[in-house]
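Coordinate inspection notes
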Amino acid sequence: MVGSTIRAAIVEDQHEIREGLATLTNRTSGYRCTGSFRTMEEALEGIKLEVPDIALCDLGLPGMSGIEGIRILKDRYPELQLLVL
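Residues numbered from 1 in each chain as written. Predicted model: local features only at pLDDT ≥ 70, side-chain atom pairs only at ≥ 80, totals over all residues. Heavy atoms only, no water.

Thoughts on the pairing of strand β2 (residues 31–37)
- The sheet contact formed by strand β1 (residues 6–11) and β2 spans six bridges and is parallel. Each bridged residue has a counterpart across the sheet, and for A8 the counterpart in β2 is C33.
- Following the backbone out of β1, through helix α1 (residues 15–26) and into the adjacent parallel β2, one traces a crossover that is right-handed. (Pairing = 2+ DSSP bridges. Helix = DSSP H or I, 4+ residues; strand = E, 2+ residues; numbered from the N terminus. Right-handed = clockwise from strand over helix to strand, strands pointing away.)

What follows is the structure, encoded as structure tokens:
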């Protein structure tokens with residue numbers, strides 16, 4: 001990915017952590033946050049608008065767990081790299 005921007009999505013229910021990671025991502029050269037989501041349900045809807053290269057996912061989320069969501073994301077977007085927070 002030399003010369004290209006890495007697109008990252010964040011799935012985290014804690015506002016301060018989610019916004020902090022989004023800010024850090026956007027302020028780091030070569031990275032751009034494509035979306036920050038409070039729940040996995042929000043992420044599954046929002047990610048399809050602009051599929052990121054990588055997603056940082058919390059496991060303990062309200063509603064659908066991060067584990068369930070990661071399985072769905074990997075099935076829908078096999079090239080998507082997933083990191084657990």
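From this point on, the discussion continues.
Re the pairing of β1
- In terms of strand pairing, β1 meets strand β3 (residues 54–57) through four bridges, oriented parallel. Across the sheet, V11 pairs through a bridge with C57, a residue of β3.

Some words on the packing of helix α2 (residues 40–47) against helix α3 (residues 66–76)
- The geometry of α2 relative to α3 is characterised by a closest axis approach of 10 Å and an angle of 15 degrees between their N-to-C directions. Comparing the axis directions of α2 and α3 gives the class roughly parallel. The handedness of the crossing between α2 and α3 comes out as right-handed. Along the contact surface, α2 presents M40, L44 and I47, while α3 presents G66, G69, I70, I72, L73 and R76.
- The class makeup of the residues in the contact of α2 with α3 is six nonpolar, two polar and one charged. (Axes fitted to C-alpha atoms, helices over the stretch in contact; angles between N-to-C directions. Parallel < 35°, antiparallel > 145°, perpendicular 65-115°, else oblique. Left-handed = near helix turned anticlockwise from the far one by under 90°. Contact = heavy atoms within 4.5 Å. Nonpolar A, V, L, I, M, F, W, Y, C, P; charged D, E, K, R; others polar.)

Focus on α1
- For α1, with twelve residues, the first-to-last C-alpha span of 16 Å sits near the 16 Å given by 1.5 Å per residue.
- Every buried residue belonging to α1 is among R18, A22 and T25, and all of these are buried. Down the axis of α1, the buried set is contained in an arc of 65 degrees. They therefore lie on one face. Projecting away from the buried face of α1 at angles above 90 degrees are the exposed residues E16 and L24.
- Looking at the buried side of α1, the elements it contacts are β1 and β2. (Expected span 1.5 Å × (residues − 1). Buried < 20%, exposed > 50% of the residue type's maximum accessible area, 1.4 Å probe, protein only. Arc of directions from axis to C-beta.)

A word on the pattern of salt bridges
- In this structure the tally under the stated criterion is four salt bridges.
- One salt bridge in this structure joins R18 and E19, with 3.7 Å as the shortest N-O distance.
- Looking at E19, the relative accessible area reads 32%, which means it is partly exposed.
- Between E50 and R32 there is a salt bridge, with the nearest N and O atoms lying 2.5 Å from each other. Here E50 is found in the loop between α2 and β3, whereas its partner R32 is found in strand β2, with 18 residues between them in sequence. (Salt bridge = Lys/Arg side-chain N within 4 Å of Asp/Glu carboxyl O.)

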